[in-house]
Amino acid sequence: MSTEEQPSADPAPAGNAPRSLAEALRTRDDASLSALLRARPDLITPVPTDLTQLATRAGTRASVVRALERLDRFALQTAEALAVAPEPATYEQLLALMAGDDRDPAVTGAFPHALGTLRDQALVWGPHDRLRLVRTARELLASSPQHPSPTGLGPTVAEATAGMSPGRIQEIVTAAGLASTHDSVSAVASLTALFTDRAEMSALLDRAPADSVDVLSRLVWGPPYGQVTADPARHLRWLIDRGLLLPTAPGTVVLPREVALHLRAGRAHRVTEPVGPAVEAAATHRPQVVDSTAAGQAYTALATVEELLKDWHEGGPAVLRAGGLSVRDLKRTAVALDVSEPVAAFWVELAYAAGLLASDGEAEERYAATPAYDEWLERPAAERWAVLASAWLASTRTPGLVGARDAKDRTLSALGPGLDRSSAPEVRHRVLALLATLPEGASPAPDSVLARLRWERPPRNPQSTDDLRTRLARWTLSDAESLGVTGRGALSAQGRALLGLPPAVAHDTAPAAGPGDKLPVHKRPHPVPESTRSPAEQAAAAARAVRLLTPLLPEPLDHVLLQADLTAVAPGPLRRPLADTLGVLADVESKGGATVYRFTPGSVRRALDAGRSASDLHAFLAAHSRTPVPQPLTYLIDDVARRHGHLRIGSASAYVRCDDDAVLNEILADKRSQVLRLRRLAPTVLAAQAEPAALLEGLRAMGFAPAAESAEGDVLITRAHARRTPPRTAPAPVPEGPPVPDATLLGAAVRAIRAGDLASTAPRKPTSADGPGGDLPRTSSAETLATMQAAVMTGEALWIGYVNAEGTATQRVIAPIRVEGGFVTAYDHTADEVRTYPLHRVTGVAELADGQA
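Residues numbered from 1 in each chain as written. Predicted model: local features only at pLDDT ≥ 70, side-chain atom pairs only at ≥ 80, totals over all residues. Heavy atoms only, no water.

Chemist: Which parts of the structure should I look at to understand the overall build of the protein?
Modeler: For the protein, the helix and strand inventory stands at 33 helices and 25 strands. Long-range pairs, those at least 24 residues apart, make up 66% of the contacts in the protein with a sequence separation of at least 6. Surface accessibility of the protein: about 40000 Å² in total, with carbon and sulfur atoms responsible for 54%. (Helix = DSSP H or I, 4+ residues; strand = E, 2+ residues; numbered from the N terminus. Contact = heavy atoms within 4.5 Å. Areas by Shrake-Rupley, 256 points an atom, 1.4 Å probe, with all protein chains shown as cover.)

Spelled out as C-alpha cells, the structure:
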C-alpha cells in the first residue's frame, strides 16, 4: 500500500469492506506486509502463524504503544483526531477535524500521507467511508475523566447524557429551543444535530450572556471539565439549562465535544503541525575550514585517549563493588586530562565502548588497557579515529548520565551499570542526518534541531523540555564536536562519509526540513529509525571517512627543537618511537599545536633508570634535534649520570653500597636518614630496615642519585610495567526492542504468514470427523491413510491436523507426493517447501472445498 495515499484511492470498495484488521491485512500485497513488519519489528518476533495472529499481535497494548511513540507529531495528531471522531469515520469527517472549517491547505496537503502512515503501520484500517482506529489505540487516545484526550475534547452529547433521566433531557431540549420528543434517543439526536449545525449554534451563542461565553472560552481547548456549586451562578445556569455544559458528577460539568468543535471552528487541535520545523543555520563557514577544524578536533581526541590510557598504563583505578569508577577516581582522571569531570566521563566511556579499556577481572579488580589498545596504537591516525567514531555512533552507553540517579536513587558512575540507553544510537544518527540537510559548512541553531526532533518523535509529556531524547540530542551535538565529526558545529566531510552519506546531500535524499523543501508536503518521507547497516557497509563508510581525513591530519614528525632553557618544542605530532622516548626523558609542560617538554634531573634519572646511558641520551638528542643541543642540557645529563648508580641498593632488608666511604659518612650524618634506620656493616656498606623501594626514594629525597641492583650486583633497569587485561570484546549495544529484520528474513516471514493463513482459512468440505469447533480434523488411521493415498493419485491438496514432537498442534495444507513406510512426503503450502511427516502424528485429514486445491 502506498504511503502517498490520495482520497480517491479507496483501499477497499464499500461493498467489500473488511470487517476486521485481519481481513484488511489479507488485502495487502507482500511489499506492504514487509513494510509493516519492518516498521514494527516486534510483530515478527516470533513469526506469526497467520494473518489473524499478526492482527491480534498488532492490536496488543505494548505493540500499539510502541507504534504510537514512533509516529511524527502530525501522524499522531491524525490518530488522536480519529480517536474522537465517530466510529467508523469517513475520510471527510477526519479531514475536517484536522483542517477545520477553513480547510487549511497545508493540513489538507499533508493529510493523505499521515493517514497512509497510519494504514501502513496497521493502526488504521477500513475504506475511506469506514475508517477505524485499532481498538487499543482508541482506548489509549480517547477522552475520559481519568485520562483526558490529547485533543482536550470531552465526551459527546450522547456519552455525557447516558445516565441522565429522560425528563431532564427533555428540559434541556426545550430550553435549547427544540421541539420535545417522545424518547430520550431522539432527544439526544436532536440536541446533537443542533450542536453540529454551524448556523443554529451561532444563533444560540449570540443569545448567550457575555459571562457564559467567557466560561466556554476557558473550557474550549481543554481540559473540558469544570466545577460548579449546588446553586450555580446565573450565567452558568444558562449554559447548563441548554446543555452547553452537561453534568458528569455532583459538582462537575463538562463541555460536550460537539460544542467545543463548533467553538474551535471544527479543529481537533489548537495547533496542527503538518510540517516539521525547519533546521535553521546559525552560521556558515567555508567547508574547508569546517573539515580542517574537525580534523584538529579528531587529532586532539586521539591524543586525549592515548593520554588517558597512558595514565592508566600500570593499572588504572579500582573497580567499585557495584561496578564502575569512583567519584574520586573520575576527579583524578579529569585533573590528569585537564578537562571537566563530565568530559572526562565521555572519554573514559568512549575508550570503553571502543574496546580499548576494560576491567582486568582479578581478585582486586582494576581498570587497564586491553590488548586491542596495542593494536590500535599501531594503526594510522585516521584509522584510529574511525574506530573511536564508529564505536561512538553505535554505542548505547550515555556518559551524560554520569552523576545522575537511577530509579533506586543510586548514583550512576562512569563505566558502571545503568548507563545504557537503547535509543542513543538512533538519536545520534538522526541528529547528524539533520545536520546533513543543511548546506555544506552550515552549523545549525541547536534549538531548531531539538524542535525538529520533538516533532518527529513527540515526547509523552508535550510540556517537557528535558526528556531523554532531547538530552541525548544535546549531548550528541557536544560529543560530535569533541570527537571531530563536526567542526564549528557543521558536519564535516569525514562525518558525512562515516554516516554513509554522499559528499553533498540533496534535499530529496533526506527527510524534508520544512515547507521550502523540493518535495511536496504529502510526498515527504516519514522519518524512521536508522536501519542497522551491514558490517560490509559500515566498513566501507569507515574506509571512506579515513580517506577523507588522512590528508587533513598532520604528518608525524621525527624531530624536536631543543632550547637553552632546558625545554624541547615538538612543532607537531611526533612519531611513536620518538614520542615514547621523549616522554621518558622529559616531562610534558604544555600541550596544544606544539607540545613543550621540560628536562629535569628527575626526568633524566628516569631515563637512566630505564637502561639508557648518558652517551645514548646525547646521541638521541643530537639525532632528533633540528637545533644544536644546548650546553645546559648536556651538563644536566652528564651531572645526573655521574651521580647515578654511585650508590647501590639491594635487599638485606636493604643495603647501601658505595666505594666512597665519605659519601656513606655523609648519609649517616644527615638527620633525614634516621627514619631509614641505617647502620654500617663495612666501610663501604650500610644496612637498612626499610624496604629497597623506600630506601631508594628516601635517598633520592636527600639529594642523592642511587641505583637499584639485583642479587647478582647488576644495576636494575626499571621500566614502566604495561598492565593489560585479558582479551576483551567491546560492550555490545543494548538494542531498542527487536532488531529491524533484513530483506531475507522479511521475505521468509511473509511467505510463512501467507502459507499459514492459507492453511487456517482454506475452505474444506464439511465432515463429521472435524474436531470440536472445527479446530483440527479427527479421522482414524485407516481413513487418514486412504485419503492420503487417494490424494497422491489425484494431486489434490488436503487440510490436516499435525502434532509435532513438542506436542504443539498445528493445521496445515499439504499436497501429498508419496506415502510409504508410515510417512507422507508432501508439498507443505504452510511452510512453502517439501516435507516429510510421520503418519502417526497426523490427527486427521479433510479435503478442501472444490476450487481450493
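The structure having been displayed, the exposition proceeds.
Chemist: When you look at the sheet that holds strand β4 (residues 246-249) in this model, what are you seeing that I'm missing?
Modeler: Picture the strands of a sheet paired through backbone hydrogen bonds; they go either parallel or antiparallel. Strand order in the open sheet formed by three strands is β3-β5-β4, and the pairing between neighbours is antiparallel. If you trace the sheet from one side to the other, it starts and ends with β3 (225-227) and β4, each paired once. Strand-to-strand twist across the sheet, computed as the mean angle between neighbouring axes with direction ignored, equals 40 degrees. In terms of strand pairing, β4 meets strand β5 (residues 252-254) through three bridges, oriented antiparallel. (Pairing = 2+ DSSP bridges. Axes fitted to C-alpha atoms, helices over the stretch in contact; angles between N-to-C directions.)

Chemist: What should I look at first to understand the environment of Ala826 in this one?
Modeler: Along the polypeptide, Ala826 turns up in strand β23 (residues 823-828). For the pair Ala826 and Thr836, spaced ten residues apart in the sequence, the C-alpha separation amounts to 6.4 Å. In this structure Ala826 touches Ile814, Ala815, Pro816, Ile817, Glu833, Val834 and Arg835, once residues within four positions along its chain are discounted.

Chemist: How should unusual backbone geometry be read in this particular structure?
Modeler: Most peptide bonds take the trans form, and the phi angle of most residues other than glycine is negative. Here the bond from Thr45 into Pro46 is cis, since omega is -10 degrees, no more than 30 degrees from zero. Mapped onto the secondary structure, Pro46 falls in the loop between α2 (30-39) and α3 (51-58). With phi around 55 degrees, Arg488 is a residue other than glycine that occupies positive phi space. Positionally, Arg488 belongs in the loop between β10 (486-487) and β11 (490-491). In the Ramachandran plot, Leu566 falls in the positive-phi region, its phi being about 65 degrees despite a non-glycine side chain. Along the chain, the position of Leu566 falls in the loop between β12 (561-563) and β13 (567-570).

Chemist: Hey, could you run me through the packing of helix α27 (residues 601-609) against helix α29 (residues 631-643) in this one?
Modeler: To characterise two packed helices, one gives the angle between the axes of the helices and the distance between these axes. Between α27 and α29, whose axes approach to 10 Å, the crossing angle comes to 60 degrees. Judged by the inter-axis angle, α27 sits oblique to α29. Here α27 and α29 pass one another in a crossing that is right-handed. Residues Pro601, Val604, Arg605 and Leu608 of α27 touch α29, and the partners they reach there are Leu636, Ile637, Val640 and Ala641. Here the residues of the contact of α27 with α29 are counted per class, giving seven nonpolar, no polar and one charged. (Parallel < 35°, antiparallel > 145°, perpendicular 65-115°, else oblique. Left-handed = near helix turned anticlockwise from the far one by under 90°. Nonpolar A, V, L, I, M, F, W, Y, C, P; charged D, E, K, R; others polar.)

Chemist: Would you mind going over the packing of aromatic side chains with me for this structure?
Modeler: Aromatic ring pairs: the centre-centre distance and the angle between the two ring planes describe each pair. Within the structure shown, the criterion is met by five aromatic pairs. With centroids separated by 5.1 Å and ring planes inclined at 75 degrees, the aromatic side chains of Tyr91 and Phe111 adopt a geometry described as edge-to-face. With a gap of 20 residues between them, Tyr91 in helix α6 (residues 91-99) and Phe111 in helix α7 (residues 105-120) connect regions that are remote in the sequence. Plain terms: the ring middles of Tyr802 and Tyr837 are 4.8 Å apart, the flat faces sit at 65 degrees to each other, and that makes the pair edge-to-face. Of this pair, Tyr802 sits in strand β21 (residues 798-803) while Tyr837 is found in strand β24 (residues 833-838), placing the two residues 35 residues apart along the sequence. Over the face of the ring belonging to Trp376 we find Arg384, whose NZ or CZ atom lies 5.4 Å from the ring centre. (Phe/Tyr/Trp six-rings, centres within 6.5 Å; stacked < 30°, edge-to-face > 60°. Lys NZ or Arg CZ within 6 Å of the ring centre and 35° of its normal.)

Chemist: Explain the sheet that holds β23 to me, please; I cannot follow it from the model alone.
Modeler: Here we have five strands laid out as an open sheet, ordered β24-β23-β22-β21-β25, and antiparallel in their pairing. Strands at the two margins of the open sheet, each flanked by one partner only, are β24 and β25 (842-847). Between one strand axis and the next, the sheet turns through 45 degrees on average, direction left out of account. The sheet contact formed by β21 and strand β22 (residues 809-820) spans six bridges and is antiparallel. The residue of β22 that forms the bridge with Trp799 is Val813. Each of β21, β22, β23 and β25 touches helix α33 (residues 781-794); the most contacted strand, β22, lies at about 60 degrees to it.

Chemist: Which parts of the structure should I look at to understand the packing of helix α13 (residues 210-219) against helix α14 (residues 234-241)?
Modeler: Put simply, α13 and α14 touch, their axes get as near as 8 Å, and they point 70 degrees apart. The angle between α13 and α14 falls in the class roughly perpendicular. Note on packing geometry: the crossing formed by α13 with α14 is right-handed. Side by side, α13 and α14 meet where Asp211, Ser212, Val215 and Leu216 of the first sit next to His235, Leu236, Trp238 and Leu239 of the second. Tallied by class, residues from the contact of α13 with α14 come to five nonpolar, two polar and one charged.

Chemist: Explain the pattern of salt bridges to me, please; I cannot follow it from the model alone.
Modeler: Side chains that carry opposite charge are capable of pairing whenever their charged atoms lie near each other. Across all of its chains, the model carries 36 salt bridges by this definition. With a shortest N-O distance of 3.7 Å, Arg457 and Glu426 are connected by a salt bridge. In this pair, Arg457 is assigned in the loop between α22 (446-456) and α23 (468-483) and Glu426 in helix α21 (residues 424-436), connecting sequence segments 31 residues apart. Classification of Arg457 as buried rests on a relative accessible area of 14%. In this structure, Asp639 and Arg642 form a salt bridge, with 2.8 Å as the shortest nitrogen-oxygen distance. With Asp639 and Arg642 both in helix α29 and three residues apart, this pair spans about one turn of that helix. A cluster of three or more residues bridged by salt bridges with shared partners is formed by Arg168, Glu171, Arg237 and Asp241. (Salt bridge = Lys/Arg side-chain N within 4 Å of Asp/Glu carboxyl O. Buried < 20%, exposed > 50% of the residue type's maximum accessible area, 1.4 Å probe, protein only.)

Chemist: I'm lost on the side chain of Ser149 in this one. Help?
Modeler: When you line up the elements, Ser149 lands in the loop between α8 (135-141) and α9 (157-160). Within the structure, the side chain of Ser149 is placed 2.7 Å from the side chain of Thr151, a separation counted as a polar contact. Discounting residues that sit within four places of it in the chain, Ser149 has contacts with Val84, Leu141, Ala142 and Ser143. (Polar contact = N/O pair within 3.5 Å; in protein donor to acceptor, adjacent residues only side chain to side chain.)

Chemist: What am I meant to see in helix α25 (residues 535-549) here?
Modeler: Since the α-helix advances by 3.6 residues per turn, residues separated by three or four positions end up pointing in the same direction. When the terminal C-alpha atoms of α25 are compared, their 21 Å separation across 15 residues agrees well with the 21 Å that a helix rising 1.5 Å per residue should span. Those residues of α25 lying buried are Ala541, Ala542, Ala545, Val546 and Leu549. Buried residues of α25 fall within an arc of 140 degrees about the axis and therefore sit on the same side. Facing away from the buried side of α25, by more than 90 degrees, are the exposed residues Ala536 and Arg547. (Expected span 1.5 Å × (residues − 1). Arc of directions from axis to C-beta.)

Chemist: Would you mind showing me how to read the nonpolar core here?
Modeler: Looking at soluble globular proteins, one finds that nonpolar side chains tend to be buried together. Judged by nonpolar contacts, the single largest core of 88 residues is most densely connected at Leu37, Leu54, Phe195, Leu244 and Leu245. Sort the elements by how many residues they give to this core and helix α5 (residues 73-84) lands first, with eight residues. When residues no more than four places from it in sequence are discounted, the contact partners of Leu37 are Leu43, Ile44, Leu54, Pro741, Leu746, Ala749, Val750 and Ile753. Counting 66 residues, the second-largest nonpolar core is a separate cluster that includes Ala301, Trp312, Ala386 and Leu432. (Core = buried A, V, L, I, M, F, W, Y, C linked by side-chain atoms within 4.5 Å.)

Chemist: Honestly, the confidence of the model for the protein in this entry has me stumped. Any pointers?
Modeler: Summary statistics for the protein give a mean pLDDT of 84 and a share of 89% for residues scoring 70 or more. Note on residues 505-531: pLDDT under 50 across the span, and 58 contacts to partners over four residues away in sequence or across chains. Considering only residues more than four positions removed or in separate chains, one finds that residues 768-774, a stretch of pLDDT under 50, has twelve contacts. (pLDDT = per-residue confidence, 0-100.)

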